[in-house]
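A look at the structure
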Amino acid sequence: MTDARPGVVASGALWERAGEVATVEAAITALRADSASSGSLLVFTGEAGLGKTALLAEARRIAESSGCTVWSARGGETVTSVPFNVVRQLLQPALVSLMPEEAREYLGDWYDIAGPALGVTDPGDRQPDPQGVCDGLVAAVRRLARREWPLVLLIDDAHWADQETLRWLAAFAERLNDLSVLVVVARRPGEAGGQSAGHLDTVAAAGSTITKLSALTPDATAGLTRATLGEHADAPFCREVWAVTGGNPYETVELLAKVQDSELDPAEGSAAELRALNRSARGRGLVARLEGLGVDATRFAWAAAILGTQISLDLAAQLAGMPRDEGLRCAELLGAARILTTGPPANDQVPEGDLEFVHPLIASAVYRSIPDALRTAMHGQAAWAVTESGRGPAAASRHLLEVHPDDDPELVQQMRDAAREHLAVGAPDAARRCLERALREPPLPDIHARVLYELGCATLLTAPAKTIGHLRAALDMRGLEGELRVDAVYRLSQALLHNDQLEEAVRTVDAEAARLEPGPARMRLQAVHYMWEGIHAGEDGSPGRSRGLAELAGTCTGRDNSERALLILRGFDAMTRGENAEEVVELCDRALVNGRLAPGLGWTDTEWGIELLMMLSSSYAYADRLDRAESLFSEALRAYESAGWSGGHLALAHAYLGLAHRRRGRLVEAEAAQRESLRLAERVGRGLPLYWSSTCGLIDTLLARGHVGQAAELAERFGFAPPYPSTIVLPDTRSVRGRLLLALGRTKEGINELEAAEKAATARGHHNTVLAPWAVDLARALAVDDPVRAAAVAADARRQAERFGTDTAIGEALRCAAALESGQRAVRLAAQAVTYLEASPCQYEHAAARVEYGLVSRSAMELNKGLTLARSCGADGLAAKAEEALKGF
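Residues numbered from 1 in each chain as written. Predicted model: local features only at pLDDT ≥ 70, side-chain atom pairs only at ≥ 80, totals over all residues. Heavy atoms only, no water.

1. Description of the overall build of the protein
Heads up, the rule is: Every helix listed is a DSSP run of H or I at least four residues long, and every strand listed is a run of E at least two residues long, numbered separately from the N terminus. A simple rule labels every residue: compare its accessible area, found with a 1.4 Å probe on the protein chains alone, to the largest value its type can have, and call it buried under 20%, exposed over 50%, or partly exposed in between. Here, residues are in contact when the closest pair of their heavy atoms is within 4.5 Å. Residue burial considers only the protein chains on display, and all accessible areas are found by Shrake-Rupley using a 1.4 Å probe. Charge counting treats Lys and Arg as positive and Asp and Glu as negative, with His and both chain ends excluded. To locate a charge, the coordinates of NZ of Lys, CZ of Arg, CG of Asp or CD of Glu are taken.
Each helix and strand counted, the protein has 44 helices and 7 strands in total. Counting only C-alpha atoms and orienting by the principal axes, one finds that the protein spans roughly 110 × 70 × 50 Å. Buried residues in the protein amount to 58% of all 889 residues. Of the contacts formed within the protein by residues at least 6 apart in sequence, a portion of 68% connects residues at least 24 apart. Accessible surface computed for the protein: about 35,500 Å², of which carbon and sulfur atoms make up 50%. Taking the 93 positively charged and 119 negatively charged side chains of the protein as two groups, their mean positions are separated by 4 Å.

So, in structure tokens, the structure goes:
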């Protein structure tokens, strides 16, 4: 139990908290001992009034007395809808103290991404990726933490933190291993829900220490009572204090203050009066006490409760309808009554003159005591006052969310403006709330469709099912015309695709295209039709689709982006079907402008999306133009990193750059890129097509490296097995899984998987033997038990490879043919394979051909060449095979 001298009012929240205080002291000592040590996270949980805030105040005192820098912030019950509210409290004081050039230097590339979310710089032209903003905030704190070591971060009432802050906190908590900083979080259990609860669970899982605070024991309550009222407080009185408050430290301290104010004798004869006194300290009793301070003080307290946290005296007075001097008098009166305080107990970073409620319980009680109709009206007045103060629509929107619908066109516009501000800083959920509120007003008929369209755009990445409803409703109304309507149709088709409704996506695009006269708009929708069909992994309609696409693309010269899109789609289709590779490259080249992506077709442009450019780059990659593919994939990576798009787009960029490295034979680099892609994809969510691309590419690379066990473990952990996604994945999933099963010695299963790949490819007309290499693996697997069929499969693969015409395709087909032969014919075919693959940009396949040629020709020289190539590629299994063979020479 914490000791205290008789006659001194002791902090009830720190009684019986010696263990928790010792934990804080130990963490601060460890932090100060070594700037290179790992960070730590302390989480204190407990019901309201158990002393979490006081414990954080003590942590602050200990940290500052030990020479640490302390940043702190607090969530608020009425401001959970304000994005980045808590993280701004935490970081803004540190950033504001820096000159702009200093802040830019410390944040580096993240300045333009995280700066708008923190309110230290204006947003850019492009809508940021929320995941990128989160990563930018993590980077900002990490860089500032190194500058400010030893740094302690205190976050109180985390259960009331906004969702954007909690997302950052969860990500930051998982990356404390290499950053020496102490984070202390206090929260109530069970208060948060939805995604916020999930983020808090992640924080708890990362915590070094999680402590659940308990109520005071009867002995501690007696000690606190005597420390406050004097040693003459008798045992029955002390027991009644504990019985009345349940050992809640906050209620105990408040009750004892009331005993002091009333000069009640702390004896058994007075114990019966404690319950009445306790009622006056909370709930209706607190409200009655507030009303006893007068109408003006009550109105000022209501205004403060409406404003929430960091309450401006001037704004509260304005909202209460009184002069500043009268507001100051009321604030002093409320301060004496322990309702408001000038400067929060645990955070001296609040601007001078700002107010805080002494305890969140008081703030909640005051806010809920405001009559419903008056509370709604005051939120409307607060929105006006905030707007007039120059804080902008986003700041006012949290108040407008509480106002009843009233056919107010101005409110609709305010919420649309607020939504744009929220989207500009990477807070789409906040934008969604604003637009949903605008719809309830409702908007005037001539703009109703536009509001629905804006809402659909805001929810596209987070809730495709809701987006479908919003955009369909918008398209059924008047108000969307021209390019805006075409864009709405495109986005609706995107949402349908992400919602696994591909056929409906195509029908939607076709129906709108049929309404339009020939021209760029119609051609755009026609291109979208072929784009969605092109990435579909189904097995129907392929021949007719390809003919139609070829006819349409044949009319295109590449004069605008719709025509360029059709040329790309035609090139990709021709590549997957195994048509002449030179024609594939020529089609793709015509879609470029001076060898570069056309304006409006860049990686971060939203008119067409990432799928089209991935098709373009993949066509180059599988047509042996790896120079252009690598250039495009690298450009994508740079574009997404500089724009802060660190969600699905960046995951795909890493996956496809890994694909280019894999094709080139840089297997170590390929594995690194694909592992990073998988890490990013996991944050977006399992089961999505991008997740399959990351997993499939990494397993393919691990097999090429000879790391079969790692590939098998990865496949097991991430569910790399049927059912496969409805969109195509590069490399081909069935071919890669079949190869994995063969490598594991599960030959029958492997053959079955490769035969399934054959069936799917044949149905789709996909005859590119490099894109879907099932044929070469199937022929080798069938060689022993069914040599006739093996030879037929290999022969067909060779015909298709020669039709496609790349050195890689022909060389791989020859390698397969050589593996099915013996004697001089095998030697001759293996030599031919080496010749083709030596001219190919794919060095792993060249290395494999050299080793196989060395084996069949019994040539140590060829084996050594293959060994050297294998080592340079990082193909450990192939190198080991060559080394073992050389031992026999």
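2. Concerning unusual backbone geometry
Here the bond from Glu441 into Pro442 is cis, since omega is -5 degrees, no more than 30 degrees from zero. Residue placement: Pro442 occurs in the loop between helix H21 (428-440) and helix H22 (445-459). The linkage connecting Pro722 with the following residue, Pro723, adopts the cis geometry, with an omega of 0 degrees. Even without being glycine, Phe84 reaches a positive phi, approximately 65 degrees. Turning to its location among the elements, Phe84 is positioned in the loop between strand S2 (69-74) and helix H3 (85-96). Here the phi dihedral of Arg338 falls at roughly 60 degrees; this positive angle occurs in a residue that is not glycine. Counting through the fold element by element, Arg338 comes out in the loop between helix H16 (324-336) and strand S6 (340-342).

3. Re empty space enclosed by the protein
Condition: With a 1 Å grid laid over protein atoms only, a set of points is called a cavity when a 1.4 Å probe fits there but cannot get out and a pocket when it is open yet has protein on both sides within 12 Å along at least five of seven lines; lining residues have an atom within 4 Å of a point. Grid points are joined across faces, edges and corners, and a volume is the space filled by probe spheres set on the points.
This structure, assessed with the given rule, holds 4 cavities of 30 Å³ or more. Computed from the structure, the largest cavity encloses a volume of approximately 290 Å³. In this structure, the largest cavity is lined by 17 residues; those nearest its centre are Ala537, Ile728, Asp732, Arg734 and His766. Those elements that provide at least two residues to the lining of the largest cavity are helix H36 (733-743) and helix H37 (747-764).

4. Structural notes on the packing of helix H40 (residues 807-819) against helix H41 (residues 823-839)
To keep things clear, this is the line we draw: Throughout, an axis means a line fitted to C-alpha atoms (over the contacting stretch in the case of helices), and angles, computed between N-to-C directions, take values from 0 to 180 degrees. Roughly parallel here means an angle under 35 degrees, roughly antiparallel means over 145, roughly perpendicular means 65 to 115, and every remaining angle is called oblique. Two helices that cross are described as forming a left-handed crossing if the nearer one is turned anticlockwise from the farther one by less than a right angle, and a right-handed crossing if clockwise. When residues are sorted by character, Ala, Val, Leu, Ile, Met, Phe, Trp, Tyr, Cys and Pro go into the nonpolar class, Asp, Glu, Lys and Arg into the charged class, and all the rest, Gly among them, into the polar class.
Their axes nearest at 8 Å, the elements H40 and H41 cross at an angle of 160 degrees. Relative to H41, the element H40 is oriented roughly antiparallel. For the element pair H40 and H41, the recorded crossing hand is left-handed. For the pair formed by H40 and H41, the contact residues are Asp807, Thr808, Ile810, Gly811, Glu812, Leu814, Arg815, Ala817 and Ala818 on the first element and Ala826, Leu829, Ala830, Gln832, Ala833, Tyr836, Leu837 and Ala839 on the second. Broken down by class, the residue content of the contact of H40 with H41 amounts to 11 nonpolar, 3 polar and 3 charged.

5. Overview of the layout of surface pockets
Of the volumes computed, that of the second largest pocket is approximately 1,100 Å³. Contributing to the lining of the second largest pocket are 37 residues, with Val82, Asn85, Arg88, Arg391 and Ala395 lying nearest its centre. Of all elements in the fold, only H3, helix H19 (392-400), helix H20 (409-424) and H21 reach the threshold of two or more residues within the lining of the second largest pocket. Looking at side-chain class alone, the lining of the second largest pocket contains 17 nonpolar, 13 polar and 7 charged residues.

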